[in-house]
Amino acid sequence: MVTPARYGPAARWAVLAAAILLGAPADAAAQDRGNPDWHYVVHPTLWFSNVDGEVTLDEAELVVGDSTLQAAFYGSVEVGKGRWRGIGTFRTTGISGTTEVELDGPLGDVMADYDFDLTVAELFAAVEFGSFETNHAFEFLGGLRYVRHALDVGVDIGTQVTREDWIEPVAGARYYAEMGRLFWATIDGNIGGFGIGSDISWVVAGTLGVRITRHIDATLAMRYYQTEFHDDATGYRIQEGVSQGWHIGLRWKG
């Protein structure tokens, strides 16, 4: 027979932690939804992203990006009280490589090195509709999205540097649901631009979370963002501009 004395300190601490996590009542955890008091969420993630799109620069056309996943950053902060929340997000990623550039004129097609960086920041207000429960919630959100494209293309005739940034209106929705004591999930999406900023942009994402402690969750998410944009003044246009990838992170709640 195995006696308690034969367990090491690490095993005893693991059993104690599991007992606290599994045995705690649901309302003992920091509430994700149905919380009438002030609450916050800080959610940094490591983003394994890829970027691609068809770019036009005046009289040159090229494709940037590929299926390679790049390590990048995505993070969000939420602060709320009752049914209302303010949400801020920030993400940045980039890619570099060599691509064929189609040029109008005597040079024809040439190979070129490029560097492309994407930065996106969002600020939303969200309100929860329906029953004010702790285990599920449906939210509408609206706000603004700031987008910056930085593209450097180098060919034999020189380097073309393009910087484009814009702010666009965004509207969307999010659904949250708990799956037992340990797991939860969200599905969310939004659409923006409408000719103000970008021609059109949209995001769809899903997140799976697991509770580690009362205030810390581990998360795995997939996010897809696509945009169409043009600037007649500079001749810059991006079609089917996509950034997507997996997010692995930790989420602090209070």
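Residues numbered from 1 in each chain as written. Predicted model: local features only at pLDDT ≥ 70, side-chain atom pairs only at ≥ 80, totals over all residues. Heavy atoms only, no water.

Draft legend 1. The overall build of the protein, seen in detail. Across its full length, the protein carries one helix and 11 strands. At a minimum sequence separation of 6, the contacts of the protein that also span at least 24 residues come to 62%. Summed over all atoms, the accessible surface of the protein reaches about 13200 Å², with 62% contributed by carbon and sulfur. (Helix = DSSP H or I, 4+ residues; strand = E, 2+ residues; numbered from the N terminus. Contact = heavy atoms within 4.5 Å. Areas by Shrake-Rupley, 256 points an atom, 1.4 Å probe, with all protein chains shown as cover.)

Draft legend 2. Region of the structure containing the environment of E178. Its place among the elements puts E178 in strand β7 (residues 158-179). Relative accessible area serves as the criterion here: at 27%, E178 is assigned to the partly exposed category. Between the alpha carbons of E178 and R33 there is a distance of 9.9 Å; along the sequence they are 145 residues apart. Other than its neighbours up to four places away in sequence, E178 contacts T134, N135, F183, W184 and R211. (Buried < 20%, exposed > 50% of the residue type's maximum accessible area, 1.4 Å probe, protein only.)

Draft legend 3. Broad picture of the nonpolar core. Counting residues in hydrophobic clusters, the biggest one holds 23 residues, and the most contacted among them are V55, F116, L151, V153 and Y236. Listing elements by their share of this core, those giving two or more residues are β1 (38-57), β2 (60-65), β4 (84-103), β5 (109-129), β6 (136-155), β10 (216-231) and β11 (236-253). Broken down by element, the residue count for this core peaks at five residues, all from β5. Among the nonpolar cores identified, the runner-up in size contains five residues, and F124, A126, L141 and V170 belong to it. (Core = buried A, V, L, I, M, F, W, Y, C linked by side-chain atoms within 4.5 Å.)

Draft legend 4. Here's a closer look at the pairing of strand β8 (residues 183-192). Only one face of β8 is buried, namely the one carrying W184, T186, D188, N190 and G192, since none of F183, A185, I187, G189 and I191 on the opposite face is buried. Two strands pair when backbone bridges link them, and β8 and strand β9 (residues 200-211) are joined in this way by 10 bridges, in the antiparallel orientation. Within β9, the residue paired with W184 across the bridge is G209. (Pairing = 2+ DSSP bridges.)

Draft legend 5. Region of the structure containing a negative patch on the surface. Negative charge collects at one region of the surface, where E54, E61, E100, E102, D109 and E240 lie side by side. Of note, E240 is situated in strand β11. Note on E240: relative accessible area 48%, which makes it partly exposed. (Patch = residues over 30% accessible without salt bridge, like charges linked within 9 Å, V, L, I, M, F, W, Y side chains within 5 Å. Salt bridge = Lys/Arg side-chain N within 4 Å of Asp/Glu carboxyl O. Lys, Arg positive; Asp, Glu negative; His and termini not counted. Charge placed at Lys NZ, Arg CZ, Asp CG, Glu CD.)

Draft legend 6. Main features of the environment of Y114. By the element assignment, Y114 lies in strand β5. On the basis of relative accessibility, which here comes to 5%, the residue Y114 falls in the buried class. Considered as a pair, Y114 and T98 are 16 residues apart in the sequence and their alpha carbons are 6.1 Å apart. Apart from residues lying up to four places away in sequence, Y114 is in contact with V63, V64, G65, I95, S96, G97, T98, T99, L151, D152 and V153. A polar contact of 2.9 Å, which involves the side chain of Y114, links it to the backbone nitrogen of G65. (Polar contact = N/O pair within 3.5 Å; in protein donor to acceptor, adjacent residues only side chain to side chain.)

Draft legend 7. Spotlight on the side chain of T219. Its place among the elements puts T219 in strand β10. A polar contact is formed between the side chain of T219 and the side chain of H43, at a distance of 2.8 Å. Excluding its chain neighbours within four sequence positions, the residues that come into contact with T219 are H43, W184, T207, L208, G209, H247, I248, G249, L250 and R251.

Draft legend 8. A look at the side chain of S201. Relative to the elements of secondary structure, S201 occurs in strand β9. Looking at S201, the relative accessible area reads 0%, which means it is buried. A distance of 2.8 Å separates polar atoms of two side chains, one belonging to S201 and the other to R145. Engagement of the side chain of S201 in a polar contact is seen with the side chain of E168, the distance being 2.5 Å. Each residue touching S201, except ones within four places of it in the same chain, is listed here: R145, E168, N190, I191, G192, G193, Y225, Q226 and T227.

Scope: geometric values only; no functional claims are made or implied.
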